[in-house]
Amino acid sequence: MTTLVFLNADFAHTGTLPELAATLAALPQARHCADATSLSALLGQSGKGDVLVHLHGAWVPRAAWAQITAFVQRGGSLICVGRNAFSQPVDEDGRQANQAALFRDLDIHEIMAVDTTEAVAHRSGPQHPWLNPYTALFQPQSGTDGFVLMPTKHKDQPQDSGSAGPMDARIYPLLQACNAAGQAIASPVVMLERLRGTGAGSRQIFINITPDAAFWRDGGLALLAQLARHAAAGVTEWWIKPDFACYEPGETATLSIQGEALGVQRNWQAQLTLRHGAATVWQQALNLTPVDGTMQARITLPFAIAPGLYQIEAVFSADDEVLTLRQGFWGRDEALLRAGSPLKAGRDYFERDGKAMPIVGMTYMASDVHRKFLQLPNVATWDADMGTLAGMGVNYLRTGIWSAWRQVMFVDGHANEAVLRAIDAFILTAASHGLETCFTFFAFAPEAWEGSNPWLDPRSRAAQKRFLRSIVSRHPHTTHVHWDLINEPSLFDPARIFVGPRTLRDPHEIAAFRQWLQRREPDITVWQARWDVSPAQLSDWSAVLPPQPEEVGFNNTEILPKQHGIWLDYSLFSQAMLAEWAADLTATLRAVTPQAMVCLGQDEALGQQRPHPFFHAGAVDYTTVHSWWLNDALAWDSLFSKTPDKPSLIQETGIMHVERPDGRSRRSEAELMALLERKYAYAYTSGSAGAVQWIWNINYHMDNINESHIGACRADGSLKPEALVTPRFGHFFAGLPLDFSQRRLPQTAVIYPFSNDYSNRRSALEATQQLVRSCFFELGLPLRAVSDLDLTSLFADVPRLILLPCPHNLAAATWQALTQLLAQHEITVLLTGPATLDEYWQPTPRAGFAAASVGNLSREETLVLDNSPLRASFGGEAIGRLSRGLYENTASAALIEIPSGKGRILWCPLPLELNQRTDTLEALYRKAMTRSGVSAPWRWQGEPPAGIFLQKQDLANGALWIAISETSQDATLHWTDLTTQRSYRTHLAAGRALLLASDPDGNILRSLNNQPVSVT
């Protein structure tokens, strides 16, 4: 062992450097390097078993960096003292540059500043207790860093979008800074261990503080010497693995101890302790000697397994190194699985034992091996993490299989028993903490097995059902689990996901498309007319093929003639096939587990022409949306995912990693926390049932920068600030005495124009997003949403005002249903834009619109409202993409009232939601509100604050108030509830959210995070 020490008082540094002579005396076999030349020379002679001690933190000689990385790649170890490790290369002339490229060579993708103001104490890491004697050297609130790791560069299932990769490295906290609740909120000292690939066996220890003189005076060099010895020893990788994560009562369990010396080969001792509940039921000591670098032992426990959780503690020791591992397994506990009653879906919220249960959820796989948690289960890790989550008020866990389905059922019909038992153990662990498990079977596209089309081939469908039955048949009476068919599906081509419907053009899809069309209209000449194709082009049904996107004219200007109308029908066909697939698999699940709910986890597919809840809600018990990308449209996300008669859950929410132009992280951890809080709050708006965060632990075992950044816990296991968002909402909703089952529906409904959105000239996304922002932020008008292709719910609970924003090509069936609704009820409908185009963009006569036609927009238009001219501006490509209505062939655009049945249609010929002047749009909405007798349920006192969302959920025994700031300025909120005439005043920090619960008299029952609110 040689310890190379880079230390030079004249080289850039912060804090205090140790005295050179004392440092060389303290460190084993120390050799001093004072500059890039000497450092490079010594590194070139060194490798595995040697250690580089770098005492300058961020600053490193640029000329020596290639030798440093080569040293690490040969298995050499290093210790770095100082913050922002290796981020400031220094040239020979002293010039410095702030760069991420150097630390990224060490698979550290980003270094984030960590806020430690809430830290009160330090403790050593749970697995490596080496720093126990040295915790007093560190000040709890001293600044430190958190690492974002990306050591994985490959997929282990290249065909799967959700694939994990090789676990080439791991990070361990050697020192944790804890808050008053005992939660680790920072890890000032961490160790990276290289397990596979380049540099295997290397240990890299980072002391991410700015040391002062007291640090070195009071024992810093002794700590450095101990860490150098551990680093020089290199990695010995240890595992303790039961054969199964769950045993049937009466079976005997077998454990495997597995070690591999990737560094120095040493003899080890192991002390194993097994507990069942609080009782110690077995102990054994082992001596383990490496043979060809490996150490293995197999132990069959000398007793029959009883129901309940078994916890294993294994303490490994060699020389002065101690490592503690924990594992566990279950004896299947049928009484636990059957305890309580299943979770049920009401109209808006979930219910258990007849009581509504707003969801505060978390996605969880495992904090150690992430997506490989079913292949490498660790029940003790699950139990610890789930205990933490339950203590935060989490009541829903989402998990499942995101890739490698052939590893679970390699041969069709023959599932892997070890994986099935791991799933059983996961469900048992969650149930023991009172957590509902939502288990997801597939992701993005279902496994096809030997079929040619994963959605439509009967062979694939039959295999998928066998796969599902292999899992759910073990839980016919389990009360705390339900099933998610698939995560974020796209049809049909598994190689082209997240981009709208994409055809495989296999025989199954071609036949299904033709049959679907024929059920709607068997006459081929009708389709010739709808799609504007000639009999020569479409002579008979054998000529009908699913379109490729490059064959469709999506743009205003195309180089070659393309298809048009067929895209709407193909998009609707893909929705129908997803709904049929979901209904078929749901029927299989209900036959085996009739008490368990079924859902389908979809992302922000609206506006992407991908499967949407409004089309498959009939096949599932509740719908979902995953609010990831559309941070400017979170209220829109919630509104247009909520179907009229089933709960809608924000089943994934989190923050995608966004970068500055230089590739560094754009958002701080505090900004991430504030954005997540806003996303959580939006998840309870418009009758949505709650939020599920993605994900508890950052997953750095994927070749995906996003996954390396996303999560409530850092790679080292410490809690980010955003991890504390969950308990705020969990504690707010726990035991809240509001009757969520009796939410009063808003009197204003908005119709989402899918016929436009699924066409080749869509504008519905922009129109509806602007509608939502104007109604919610500027007018305080609550909304409910329906699809233009299904207005049934409006007949059952009749609104007073219906908004139909810029549909352009409105389906004939929609117009007929709307006319029937108006014939029966006094309703005001506000329609903007052209009114006389059918779903195929063809002119069509409509009652009351005989004098209406369609024309082109001008850049600047004028709407006449109550005899006042209001400007409307259409920028960008609007004048080439959009149309306007004309009345009596005049260019004048006035609001026209057209009687219809018992109600009326207010027609604004301009597609006003797509104009750039929102004040004109809001004036139009105010006019419609007045005409229909609809008003906001509350009123601002004084000048309305800008950028504030405020919504009242009107419940039978009170109200849920949701306030969200989307502004950079703190605000004082002062408003009056027009029902109770109570006024509320509170402070809302910039970018933050607030929830209030009030009783029928307007008295405050509870506020999020105990925010003070005055009531008069």
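Residues numbered from 1 in each chain as written. Predicted model: local features only at pLDDT ≥ 70, side-chain atom pairs only at ≥ 80, totals over all residues. Heavy atoms only, no water.

Under an unreviewed UniProt entry, the name given to the protein is Glycoside hydrolase family 42 N-terminal domain-containing protein, and the organism recorded is Silvimonas terrae.

The subject of this paragraph is the overall build of the protein. Looking only at helices and strands, the protein has 24 helices and 50 strands in total. Compactness check: the protein gives a C-alpha radius of gyration of 32 Å against a globular reference of 31 Å for 1016 residues, within 12% of the reference. Projected onto its principal axes, the C-alpha positions of the protein cover 95 × 65 × 60 Å. When the 1016 residues of the protein are sorted by exposure, 62% land in the buried category. (Helix = DSSP H or I, 4+ residues; strand = E, 2+ residues; numbered from the N terminus. Rg over C-alpha atoms; globule rule 2.2 N^0.38 Å. Buried < 20%, exposed > 50% of the residue type's maximum accessible area, 1.4 Å probe, protein only.)

For the rest of this paragraph, the subject is the domain arrangement of the protein. Here the protein is described as being made up of domain 1 (2-234), domain 2 (237-332), domain 3 (359-501 + 578-715), domain 4 (748-936) and domain 5 (939-1015). Relative to domain 2, the C-alpha centre of domain 1 lies at a distance of 31 Å. At the junction of the two partners, domain 1 supplies 19 residues and domain 2 supplies 14 residues. Summed over both sides, the interface of domain 1 with domain 2 buries roughly 1200 Å², with 48% coming from carbon and sulfur. Between domain 1 and domain 2 we count three salt bridges in total. With a shortest N-O distance of 3.8 Å, Arg 229 and Asp 320 are connected by a salt bridge. Our count for the domain 1 to domain 2 interface comes out at six residue pairs in polar contact (both at pLDDT 80 or more). Top element by residues in the side of domain 1 that touches domain 2 is helix α5 (residues 213-233). It accounts for four residues. A class-by-class count of the residues in the side of domain 1 that touches domain 2 yields eight nonpolar, five polar and six charged. (Domains from an automatic or database assignment. Contact = heavy atoms within 4.5 Å. Buried area = accessible area lost by both parts, 1.4 Å probe. Salt bridge = Lys/Arg side-chain N within 4 Å of Asp/Glu carboxyl O. Polar contact = N/O pair within 3.5 Å; in protein donor to acceptor, adjacent residues only side chain to side chain. Nonpolar A, V, L, I, M, F, W, Y, C, P; charged D, E, K, R; others polar.)

Our next topic: the UniProt feature "domain: Glycoside hydrolase family 42 N-terminal" (unreviewed entry) in the protein. The sites that UniProt annotates as "domain: Glycoside hydrolase family 42 N-terminal" (unreviewed entry) are residues 511-599. End-to-end, the C-alpha atoms of residues 511-599 are 28 Å apart, and along that stretch the chain is 51% helix and 2% strand. (UniProt positions renumbered as here; feature names shortened; annotations may be inferred.)

Here the focus is the pattern of salt bridges. Using the criterion set out here, one finds 61 salt bridges in the structure. Taking the shortest distance from any N to any O, the salt bridge between Asp 603 and Arg 610 comes out at 3.0 Å. The structure contains a network of salt bridges with shared partners spanning Glu 251, Arg 332, Glu 334, Arg 338, Glu 417, Arg 421, Asp 424 and Arg 474.

An order of β21-β22-β23 is seen for the three strands of this open sheet, with the pairing classed as antiparallel. The open sheet has two edge strands with one neighbour each: β21 (344-345) and β23 (355-356). Of the strand pairs in this sheet, β21 and strand β22 (residues 350-352) are connected by two bridges, and their pairing is antiparallel. Directly across from Lys 344, in β22, lies its bridge partner Glu 351. (Pairing = 2+ DSSP bridges.)

Turning to the packing of aromatic side chains, a few remarks are in order. Tallied over the full model, the rule gives 58 aromatic pairs. With a centroid separation of 6.5 Å and 20° between ring planes, the pair formed by Phe 303 and Tyr 310 is classed as stacked. Ring centres of Trp 567 and Tyr 570 lie 5.8 Å apart, and the angle between their planes is 50°; this geometry places the pair in the tilted category. Separated by three residues within a single helix, Trp 567 and Tyr 570 lie in helix α13 (residues 566-592), roughly one turn from each other. The two residues Trp 567 and Tyr 570 agree in class, both being buried. An aromatic cluster of three or more residues is present, and its members are Tyr 349, Tyr 680, Tyr 684, Phe 729, Phe 732, Phe 733 and Phe 740. Lying over the aromatic face of Phe 410, Arg 406 brings its terminal NZ or CZ to 5.7 Å of the ring centre. Between Arg 421 and the ring centre of Phe 244, over which it is positioned, the NZ or CZ distance is 4.4 Å. (Phe/Tyr/Trp six-rings, centres within 6.5 Å; stacked < 30°, edge-to-face > 60°. Lys NZ or Arg CZ within 6 Å of the ring centre and 35° of its normal.)

Turning to the packing of helix α16 (residues 669-682) against helix α18 (residues 725-733), a few remarks are in order. Close contact between α16 and α18 brings their axes to 9 Å; oriented N to C, the two are set at 30°. Of the possible angle classes, the one that applies to α16 and α18 is roughly parallel. Where α16 crosses over α18, the handedness of that crossing is right-handed. Taken together, the residues of α18 that come into contact with α16 (itself represented by Met 673, Leu 676, Glu 677, Tyr 680 and Ala 681) are Val 725, Thr 726, Arg 728 and Phe 729. (Axes fitted to C-alpha atoms, helices over the stretch in contact; angles between N-to-C directions. Parallel < 35°, antiparallel > 145°, perpendicular 65-115°, else oblique. Left-handed = near helix turned anticlockwise from the far one by under 90°.)

Here Thr 478 is to be found in the loop between α10 (458-472) and β27 (481-487). Each residue touching Thr 478, except ones within four places of it in the same chain, is listed here: Leu 337, Ile 427 and Gln 595.

Under the 1.5 Å per step criterion, the end-to-end length of helix α11 (residues 507-520) is 20 Å for 14 residues, consistent within 8% with the ideal 20 Å. Of the positions making up α11, those classed as buried are Glu 509, Ile 510, Ala 512, Phe 513, Trp 516 and Leu 517. One side of α11 carries all its buried residues, which in axial view fall inside an arc of 165°. Opposite the packed face of α11, turned more than 90 degrees from it, sit the exposed residues Pro 507 and Arg 519. Where the residues of α11 are buried, they touch α12 (524-531) and α13. (Expected span 1.5 Å × (residues − 1). Arc of directions from axis to C-beta.)

Moving on to α12. Among the residues of α12, those classed as buried are Ile 524, Trp 527, Gln 528 and Trp 531. End-on, the buried residues of α12 take up no more than an arc of 105°, which puts them together on one face. Residues of α12 that are buried sit in contact with α11 and α13. Positioned one or two residues after α12, Asp 532 has a phi angle of 55°, which is positive.

Tracing the sequence through the fold places His 122 in strand β8 (residues 119-124). A polar side-chain atom of His 122 sits 3.4 Å from the main-chain carbonyl oxygen of Phe 138. If we skip the residues at most four places from it in the chain, His 122 touches Thr 135, Phe 138, Gln 139, Pro 140, Leu 175, Gln 176, Ala 177 and Pro 188.

Before going further, it helps to spend a moment on the pairing of strand β7 (residues 108-114). Of all seven residues making up β7, six are buried, and the element is well covered by its neighbours. In this structure, β7 lies alongside strand β9 (residues 144-149), joined through six bridges in antiparallel fashion. Considered in β9, the bridge of Glu 110 is made with Val 148.

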